[in-house]
Amino acid sequence: MIKAKQKPIAEIKTLIAPYKKILILGCGTCVTISFAGGEKEVGMLASSLRIASAMEGQDKTFAEATVQRQCEWEFIDAVADQINKADAVISLACGIGVQALAERYPDKVILPGVNTTFLGMAIEHGVLVERCRACGDCVLGLTAGVCPIARCAKNLLNGPCGGSHDGKCEVNPETDCAWQLIYDRLGRLGQLQQMDVLMPSKDWSKDYDGGPRKIVREDLKL
Amino acid sequence: MKAGSNLERVLTSGHFAATGELGPPKSADPEVIRRKAGLLKGYTDAVNITDNQTAIVRMSSISVGTMLLGLGIEPTIQMTCRDRNRLAIQADLLGASALGIKNLLCLTGDHLHFGNHPTARGVHDLDSIQLVAMVKALRDEKKFANGEVIETVEPRFLIGAAENPFADPFDYRPYRLAKKVAAGADFVQTQLIYNVPKFKEFMKRVVDLGIHDKCYILAGVGPIKSIGMARYMQNSVPGMDVPEDIIARLKGVPKEQVRKEGIKQCAEIIHEMREIPGVRGVHVMAIEWEEAVPEILELAGLLPRPKL
């Protein structure tokens, strides 16, 4: 799922400085699960901003709403009244939600309240880790189900660099070395010979280097 | 001959090679290059020029290499995958070859995190093994990375790669080296060796796999200048293995003798390297201490260098 982290309150305050009536709009899917932008976080941010606004003698108002998914037209259409009443909307959704609002409400100021951080999962409560880079050309079938693009700081495709130490990455000793994980799993699967295969240079045009990506499914079009 | 460099002649004629290293300055000052070149000239078969070493911006490897050519020193330029994509690398290599540079060391590159521009975007379009394969195709097939044919003159380099015998997983390291050689590496320079027994074990496995017959392996060595430097390498340099006894020996001499002892220790390690089957030379990395190289090589019995 998409993981996000709330922006620092000072940055949010700067973003909303010119506006008076502000709607804080949460999203009920990914950012709710990553505790960054669901109904609860909308409430907490609204309280903080109300207090800050009162202390600074401003007369800003903060409305609150949360939709199930900000990345689908039907859900964001449902809060049109609240959006239209606001001078600006702080979206606590990922960057997709922010842009969906901006596209649907062309005359409205839409501001991000979170930093969209990565595609990943919670490996334990409160610990979110990156697992996929959406590179557009999945190699997991060759790497024992461990992604060297998302999980190796150098995107190596042909084994661990010289900085792999005790199973950890030289860049951050708290991060597992992806290639140690790949090596261990290939060993367990009896496929260590895969480590000897030269993986050719990657086709990055399927990643963001090819420009914004689009999938058109003619079979599903109405 | 693949590239016709001095280093290639030394290696193919069976001499035990000795290469040095020169770190370019963090400035546009050519005097630094001339000074360091003067310290190394005539003492090594080729001199590596680092490419933004430890991800710190420095004068470019190819430009320093070109200066060295003018000063009568054979350069081995280093090229990392961190700062350039395959277009930039190929363009630079065409230029380097046109300028007369004949040795190339292909590296992934230290991560930006360790350098002085940690917020820059790391390129990593290729990894070091893919880079080796690309350079080999440029040279031997006259083909660019996209398969397009080089119509006239192809860049010809003696292709080098690096290997760290001390990184994990240890059991995989000889196979990783084999992969680099299969991709096209003609010579290999290793990470700095202080843990000699572990390196011997690595080389035993390399020899068992027959890799030493397919490429020239140069053992990385370097003198330790101070106890502080030893501790720093031991604790803070990724992939370094500095055993306690190496440090204990330096601690055993008066402070003003540490440098001299470091030079002696380095020469002794070189003597040990010469006895290890499969090792065909040493790569002396005297970081910001180029003055030490002649003395080390003299003590190691590697001077004068062959004139071929």
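Residues numbered from 1 in each chain as written. Chains lettered and ligands numbered in written order. Predicted model: local features only at pLDDT ≥ 70, side-chain atom pairs only at ≥ 80, totals over all residues. Heavy atoms only, no water.

Things to note about the sheet that holds strand β7 (residues 127-132) of chain A
All names here are of chain A.
Thinking step 1. In space, the three strands of this open sheet follow the order β1-β6-β7, with antiparallel pairing throughout. Both edges of this open sheet fall to β1 (2-6) and β7, since each of them pairs with a single strand only. Mean inter-strand twist for the sheet, computed between neighbouring axes without regard to direction, equals 70 degrees.
Thinking step 2. Of the strand pairs in this sheet, β1 and strand β6 (residues 114-124) are connected by five bridges, and their pairing is antiparallel. Following the sheet pairing, Gln6 is matched in β6 by Val114. (Pairing = 2+ DSSP bridges. Helix = DSSP H or I, 4+ residues; strand = E, 2+ residues; numbered from the N terminus. Axes fitted to C-alpha atoms, helices over the stretch in contact; angles between N-to-C directions.)

As for the pattern of salt bridges
Thinking step 1. What the rule picks out here adds up to 39 salt bridges over all chains.
Thinking step 2. A:Lys7 is the salt-bridge partner of A:Glu11, the closest N and O atoms lying 2.8 Å from each other.
Thinking step 3. On the basis of relative accessibility, which here comes to 33%, the residue A:Glu11 falls in the partly exposed class.
Thinking step 4. Across the pair B:Glu295 and B:Lys260 runs a salt bridge, and its minimum N-O distance is 3.7 Å. Taken as a pair, B:Glu295 in helix α11 (residues 292-299) and B:Lys260 in helix α10 (residues 258-275) lie far apart in primary sequence, 35 residues in all. (Salt bridge = Lys/Arg side-chain N within 4 Å of Asp/Glu carboxyl O. Buried < 20%, exposed > 50% of the residue type's maximum accessible area, 1.4 Å probe, protein only.)

So, the environment of B:Leu177
Residues and elements named next belong to chain B.
Thinking step 1. In this structure, Leu177 sits in helix α6 (residues 173-183).
Thinking step 2. By relative accessible area, Leu177 is classed as buried at 0%.
Thinking step 3. In this structure Leu177 touches Glu163, Val188, Phe202, Val206, Ile211 and Ile217, once residues within four positions along its chain are discounted. (Contact = heavy atoms within 4.5 Å.)

A look at α6(B)
Residue and element names in this part refer to chain B.
Thinking step 1. Counted residue by residue, α6 has eight buried out of 11 residues, so it is predominantly covered.
Thinking step 2. All buried positions along α6 are accounted for by Arg173, Pro174, Arg176, Leu177, Lys179, Lys180, Val181 and Ala183.
Thinking step 3. In the core, the buried residues of α6 are packed alongside α5 (128-140), β5 (158-163), β6 (187-192), α7 (196-208) and β7 (216-221).
Thinking step 4. Positive backbone phi, at 135 degrees, marks Gly184, one or two positions downstream of α6.

Topic: the pairing of strand β5 (residues 109-112) of chain A
Residues and elements named next belong to chain A.
Thinking step 1. As paired strands, strand β4 (residues 88-91) and β5 are joined by four bridges and run parallel to one another. When the sheet's bridge partners are listed, Ile90 is paired in β5 with Leu111.
Thinking step 2. Read from β4 through helix α6 (residues 95-104) to β5, the crossover connection turns out right-handed. (Right-handed = clockwise from strand over helix to strand, strands pointing away.)

Focus on helix α3 (residues 39-55) of chain A
All names here are of chain A.
Thinking step 1. With 17 residues, α3 extends 24 Å between its outermost C-alpha atoms, agreeing within 8% with the 24 Å of an ideal straight helix rising 1.5 Å per residue.
Thinking step 2. Those residues of α3 that fall on the buried side of the exposure criterion are Glu41, Val42, Gly43, Leu45, Ala46, Leu49, Ala52 and Ser53.
Thinking step 3. Here the buried face of α3 lies against β1, α1 (9-16), β2 (21-27), β3 (61-67) and β4.
Thinking step 4. Positive backbone phi, at 70 degrees, marks Gly57, one or two positions downstream of α3. (Expected span 1.5 Å × (residues − 1).)

What about the sheet that holds β4(A)?
Working definition: the strands of a sheet are paired by backbone hydrogen bonds and lie parallel or antiparallel to each other.
All names here are of chain A.
Thinking step 1. Read across the open sheet, the four strands follow the order β3-β2-β4-β5; overall the sheet is parallel. Each edge of the open sheet is held by one strand with a lone partner, namely β3 and β5. Within this sheet the neighbouring strands show an average axis-to-axis angle of 25 degrees, counted without direction.
Thinking step 2. Where β2 meets β4, four bridges bridge the pair, whose relative direction is parallel. Note that in β4 the partner of Ile22 across the bridge is Ala88.

Quick notes on the confidence of the model for chain B
The predicted coordinates ought not to be read in detail in places where the model reports low pLDDT.
Thinking step 1. Averaged over all residues, the pLDDT of chain B equals 97, while 100% of them reach at least 70.
Thinking step 2. For this predicted complex, the interface confidence score (ipTM) comes to 0.95, while the overall pTM stands at 0.96. (pLDDT = per-residue confidence, 0-100.)

Regarding the nonpolar core
Residues and elements named next belong to chain B.
Thinking step 1. Core analysis: the largest hydrophobic core is formed by 59 residues, its most contacted members being Tyr194, Phe199, Ile270, Met273 and Val282.
Thinking step 2. The biggest single contributor to this core is α10, with seven residues.
Thinking step 3. Counting 21 residues, the second largest nonpolar core, distinct from the first, contains Ile62, Ile101, Val132 and Met134. (Core = buried A, V, L, I, M, F, W, Y, C linked by side-chain atoms within 4.5 Å.)

Details of the interface of chain B and chain A
Thinking step 1. Listed as interface residues are 28 residues of chain B and, on the opposing side, 29 residues of chain A.
Thinking step 2. When chain B packs against chain A, close to 2300 Å² is buried across both sides, 52% of that on carbon and sulfur atoms.
Thinking step 3. A per-residue breakdown of the area chain B buries against chain A is headed by B:Asp168, B:Tyr172 and B:Lys179, which together make up 23% of the total.
Thinking step 4. If you look at where chain B meets chain A, you find zero salt bridges. (Buried area = accessible area lost by both parts, 1.4 Å probe.)

Describing the packing of aromatic side chains
Thinking step 1. As enumerated under the stated definition, the model contains two aromatic pairs over all chains in all.
Thinking step 2. Look at A:Tyr183 and B:Tyr172: their rings are 5.6 Å apart centre to centre, the planes differ by 50 degrees, and that puts the pair in the tilted class. Taken together, the residues A:Tyr183 in helix α8 (residues 178-188) and B:Tyr172 in the loop between β5 and α6 connect one chain to another. For the pair A:Tyr183 and B:Tyr172, one class covers both residues: buried.
Thinking step 3. Taking NZ or CZ as reference, A:Lys202 lies 5.7 Å from the ring centre of A:Trp204, over its face. (Phe/Tyr/Trp six-rings, centres within 6.5 Å; stacked < 30°, edge-to-face > 60°. Lys NZ or Arg CZ within 6 Å of the ring centre and 35° of its normal.)

Observations regarding the environment of B:Glu256
All names here are of chain B.
Thinking step 1. Positionally, Glu256 belongs in the loop between α9 (244-251) and α10.
Thinking step 2. Its relative accessible area of 67% is what places Glu256 among the exposed residues.
Thinking step 3. Distance in space between the C-alpha atoms of Glu256 and Ser226 is 9.7 Å, their sequence separation being 30 residues.

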